[in-house]
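Structural overview for review
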Amino acid sequence: MLTSMVNEVMAAAPGDGALLNRCVQTYADAPVFKEMDRPWVEDNPFLRPLLNCDFPGFDTTNALSSDQLASNASLIANRILLSIYERDFVFLPRHELDEKWENFQSYYSDDLRLLGEIIRPQLERYVFSSLKEEVNVSGSWTIEAFEAYFEDFRQNFKAVENQQVMTAITSARNPAAAALTYLIQLAGDFLVESSAMARNTVGNYGQLQSELFKVVIDECGYGVHPVKHSTLFERVLQSRGLDPVPHTYWQFYLPTSFYVNNYYNYICRDHRHLFRYFGAILEVETAFRVTCKQMTDMMTEVFGHNAETDYFTEHVHIDTHHSRMALENLIVPAVKTYGNSILAYIVRGFEEVGIIGTIFNNGLKKQIEWADSFFASPESDSPAEQTPLRVVQFGELDKNRRWEGTRMSDVDTVYSVRSGEFDLVAGYSVVATFGAGQQVRVPAGVLFALCPSADCIYDVAPAEV
Amino acid sequence: MRIVHLDSGENFVEIGEQRFLVLRAEGKGCHTISAKCPHRGGPLHLGTVEDDGHFLKCPWHKTRLSIPHLLRNSLPTIRTRGRVSIVVTDAKVDETPHACFRKTLLDAKAALAGVNGTP
């Protein structure tokens, strides 16, 4: 099937939107993207489940607007994009390859690679077009003007939006559950940390290449595995009982979290965006030292003074250096060598990182607040408010229920149980059970899954305004 | 050098004795140019746009100025979503910028009509 589709595309006219949509469907039909009957992926980084029911009607012709990035269409596109990008990276399970051998071969197969490359530019346009409209750079930029602008940013950056997410966690009815939701969203990126940027360390572009490589060396822990940044984050996850294997929680990633991860792959994979990346790395390294301090404080407040925070404290320290290195050793010499005209691209990358950060924080804050609403308010004795929730440990979903997979709610929707029961999964370890006669409203812009019992019949209707 | 951040809608900046106008039009980017006519310092923000956005006429001496040429000397400017940031390159550190909205400002859409979008 894949091979015949590749041949058909090779013979088709370029830009055939309908054909590209069929390519996306065919790509998603590959076994490694098959729906799963459980909410997690167990030690198999090749499996990237998608929902078959999402694809009829899925159309990538018209790009997503910025207010559609927290939609189900965005979730589908971003899931596929990351699976395409990450085929350039090496993944292996922690244990036992024999029974995953077929998945291993399939994920890295030529057919999937070819088809992925055919649909990638279309998906990138679909996902990232709105970002181009969000930023405009004009005027006669010089390195002095850029340094002044950067210094103003550095001195005034307070990570207000990140702090709002931290506050949403620490002031939640169940701060621990909210913190786990947060850590899971970070896992998609942090467990493969620096892989996207490492795409810019190969080739030959003189001293700049070696300067960027120094940053990557830090990220990789100088070859000392226990201090590799992704290893530090594995320890954060393990300390909270979470699985450190990349993409175990694939089905729980929000589209807005995928989006951030995909952005770095997008600008690093296409080397025409190299200078855009130089701006992006400067912003992220400068901002991350501040946000990581906030994350450290949040972890300590939620989990106590023994909370595992080495990942975050390491970045508070090293990113002060990385910020300076990005400016002094990458951007200044690059402008000196190639002229002021590259500054428009550097500024664009710098600004785009701020925007994707906003998108990430908004999506996550909404999810955390919604999931937390299922927990009983400490001030409330209302039994109705306390009835639906049961907190489950990972892997303890009722086996007699059918896992329908996670999706985004695009409009405020009411789910009403006629008979039987369903579990509404509002996030990791946030499961609310609803029985006959009960209903629940799922707002637009949140990720959820339903697990109906075998005898469950439920109705779905748009919520009345 | 000073960094000036404008709120949504603000289109005029005064800093020391300098005045700047901020031209925004959908698909045409956002540009900051000096409001001082290079001829005799006339108030360009009160000028009129001619020839489909290719020229700006100063109200004092009717000097016709090429808009693409004016934009080539525009200030480093960033529009990110609704926010606009400008690097005023020759401002003194102790000069406080004042930004505002001026209804009487020349029509940005007309002024940028002949301009291509920026990268």
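Residues numbered from 1 in each chain as written. Chains lettered and ligands numbered in written order. Predicted model: local features only at pLDDT ≥ 70, side-chain atom pairs only at ≥ 80, totals over all residues. Heavy atoms only, no water.

The helix and strand tally for chain B stands at 2 helices and 10 strands. When the helices and strands of chain B are placed in sequence order, the string is β-β-β-β-β-β-β-α-β-β-β-α. By the compact-globule yardstick of 14 Å for 119 residues, chain B fits well, its C-alpha radius of gyration being 13 Å. Projected onto its principal axes, the C-alpha coordinates of chain B cover approximately 40 × 30 × 25 Å. (Helix = DSSP H or I, 4+ residues; strand = E, 2+ residues; numbered from the N terminus. Rg over C-alpha atoms; globule rule 2.2 N^0.38 Å.)

Once that is clear, we can look at the domain arrangement of chain A. Residues and elements named next belong to chain A. When the domains of chain A are assigned, the result is domain 1 (2-130), domain 2 (140-372) and domain 3 (384-462). At the junction of the two partners, domain 1 supplies 13 residues and domain 3 supplies 12 residues. When domain 1 packs against domain 3, close to 1000 Å² is buried across both sides, 62% of that on carbon and sulfur atoms. On the surface where domain 1 and domain 3 come into contact, there are 1 salt bridge. Aspartate 54 is the partner of arginine 407 in a salt bridge, and the nearest nitrogen-oxygen pair spans 2.7 Å. Applying the counting criterion to the domain 1 and domain 3 interface returns 5 residue pairs in polar contact (both at pLDDT 80 or more). Broken down by class, the residue content of the side of domain 1 that touches domain 3 amounts to 7 nonpolar, 2 polar and 4 charged. (Domains from an automatic or database assignment. Contact = heavy atoms within 4.5 Å. Buried area = accessible area lost by both parts, 1.4 Å probe. Salt bridge = Lys/Arg side-chain N within 4 Å of Asp/Glu carboxyl O. Polar contact = N/O pair within 3.5 Å; in protein donor to acceptor, adjacent residues only side chain to side chain. Nonpolar A, V, L, I, M, F, W, Y, C, P; charged D, E, K, R; others polar.)

Counting 139 residues, the largest nonpolar core has Phe146(A), Tyr182(A) and Phe233(A) as its most contacted members. Residue contributions to this core peak at 14 residues, all from helix α13 (residues 274-303) of chain A. (Core = buried A, V, L, I, M, F, W, Y, C linked by side-chain atoms within 4.5 Å. Buried < 20%, exposed > 50% of the residue type's maximum accessible area, 1.4 Å probe, protein only.)

Where nonpolar side chains cluster on the molecular surface, the patch consists of Phe213(A), Ile217(A), Tyr222(A), Val224(A) and Val227(A) and spans about 440 Å² of accessible area. Within the secondary structure, Val227(A) is located in the loop between α10 (207-219) and α11 (229-239). (Patch = residues over 30% accessible without salt bridge, like charges linked within 9 Å, V, L, I, M, F, W, Y side chains within 5 Å. Areas by Shrake-Rupley, 256 points an atom, 1.4 Å probe, with all protein chains shown as cover.)

Right, let's get into the pairing of strand β8 (residues 447-452) of chain A. Residues and elements named next belong to chain A. Among the 6 residues of β8, 6 are classified as buried, and the element is accordingly described as predominantly covered. The side-chain alternation of β8 yields two buried faces, one formed by Leu447, Ala449 and Cys451 and the other by Phe448, Leu450 and Pro452. Both strand β3 (residues 406-408) and β8 contribute to a ladder of 3 bridges, which runs antiparallel. Along β8, the bridge assignment pairs threonine 406 with alanine 449. Bridge analysis of strand β5 (residues 421-427) against β8 gives 4 bridges, and the strand direction is antiparallel. From the neighbouring strand, aspartate 423 faces β8, where its bridge partner is cysteine 451. (Pairing = 2+ DSSP bridges.)

Attention shifts here to the interface of chain B and chain A. If you look at the interface, chain B gives 22 residues, while chain A gives 23 residues. With both chains or domains summed, chain B and chain A bury close to 1800 Å², and 51% of this area falls on carbon and sulfur atoms. Where Glu134(A) meets Arg81(B), a salt bridge forms, and the shortest distance between an N and an O atom there is 3.1 Å. For the interface between chain B and chain A, the tally reads 12 residue pairs in polar contact (both at pLDDT 80 or more). Elements with a contribution of two residues or more to the side of chain B that touches chain A: β1 (2-6), β4 (29-34), β8 (77-80) and β9 (83-88) of chain B. Examining the composition of the side of chain B that touches chain A, we find that 4 residues originate from one element, β8(B), more than from any other. Looking at the side of chain B that touches chain A, its residues break down into 8 nonpolar, 10 polar and 4 charged. Judged from the 4 bridges that link them, strand β1 (residues 135-138) of chain A and β8(B) form a sheet pairing that is antiparallel. Bridging from a neighbouring strand, Val135(A) pairs with Thr80(B) of β8(B).

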